[in-house]
Amino acid sequence: NAGVTQTPKFQVLKTGQSMTLQCAQDMNHEYMSWYRQDPGMGLRLIHYSVGAGITDQGEVPNGYNVSRSTTEDFPLRLLSAAPSQTSVYFCASTQSLGPYGYTFGSGTRLTVV
Amino acid sequence: KQEVTQIPAALSVPEGENLVLNCSFTDSAIYNLQWFRQDPGKGLTSLLLIQSSQREQTSGRLNASLDKSSGRSTLYIAASQPGDSATYLCAILTGNQFYFGTGTSLTVIP
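On a predicted model such as this, the values are computed, not experimentally measured, just so you know.

Criteria and thresholds
- Residues numbered from 1 in each chain as written.
- Chains lettered and ligands numbered in written order.
- Predicted model: local features only at pLDDT ≥ 70, side-chain atom pairs only at ≥ 80, totals over all residues.
- Heavy atoms only, no water.
- Pairing = 2+ DSSP bridges.
- Helix = DSSP H or I, 4+ residues; strand = E, 2+ residues; numbered from the N terminus.
- Axes fitted to C-alpha atoms, helices over the stretch in contact; angles between N-to-C directions.
- Buried < 20%, exposed > 50% of the residue type's maximum accessible area, 1.4 Å probe, protein only.

(A) The arrangement of the sheet that holds strand 8 (residues 76-78) of chain A in detail. Residue and element names in this part refer to chain A. Overall, antiparallel pairing links the four strands, which are arranged 1-3-8-7 in an open sheet. The open sheet is flanked by strand 1 (4-7) and strand 7 (64-66), the only strands paired with a single partner. Each adjacent strand pair in this sheet contributes to an overall mean axis angle of 20°, direction not counted. Here four bridges tie strand 1 to strand 3 (residues 19-25), and the two strands are oriented antiparallel to one another. In the strand pairing of strand 3, V4 is matched with Q25.

Right under this line is the structure:
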């Protein structure tokens, strides 16, 4: 089982550039989410989705867009990158909102210069 | 909003010692609580999942307990080893979100 796959693992962007972080899971999980992790700040929720076609904002959604056209994929788009978006990004999924565990991808380390 | 606190923020122990990590939360209406381990520069690895109806879970040298009424969970590590050095995070599913503590950074000294 591949679990949750994130690509790329590392990325350097220039301020103002756009890019998409990819997240795919092969476990038929309904719930998927994106977090950013910064030193001293812990994990902060950016966006989440409870199923295909349904997305919602988390704690820090500004500057990020998401869509969920399939159960498997949940891409995160940075429309105009800013240095404040330099962070490590994690995608996670779970079967549904219930007594099920959360599975994380290995992360994408993004630097915006 | 669920608030999750982990104390201590950092812990250093000699090899072989038993230790307890703490996680407290403010809203007892939870689906589950999960303990993770994170090594430097790496992702989160699940250690133990405790469902809302359960009181504890065990895996090898790890034992996690859950007391919803007091808003507390503990992760007990027996006979610690240098390989246990990592940051330990607790995550709580409440409503439609997982809420994370900021973690306890554990160093086990050989």
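From this point, the narrative continues.
(B) Local environment of the pairing of strand 4 (residues 32-38) of chain B. All names here are of chain B. Here strand 4 lies mainly inside the structure; seven of its seven residues are buried. Burial along strand 4 is two-sided: N32, Q34, F36 and Q38 and L33, W35 and R37, pointing in opposite directions, are all buried. Here strand 4 runs beside strand 5 (residues 44-51); their pairing, made up of seven bridges, is antiparallel. Paired with Q34 across the two strands is L49, which belongs to strand 5.

(C) Geometry of the sheet that holds strand 3 (residues 19-25) of chain B. Residues and elements named next belong to chain B. Read across the sheet, five strands follow the order 1-3-8-7-6 without closing on themselves; strand pairing throughout is antiparallel. Single-partner strands in this sheet number two, and they are strand 1 (4-7) and strand 6 (56-59). Averaged over all pairs of adjacent strands, the angle between strand axes in this sheet comes to 15°, irrespective of strand direction. Pairing of strand 3 with strand 8 (residues 72-77), which is carried by six bridges, proceeds in the antiparallel orientation. Note that in strand 8 the partner of C23 across the bridge is S73.

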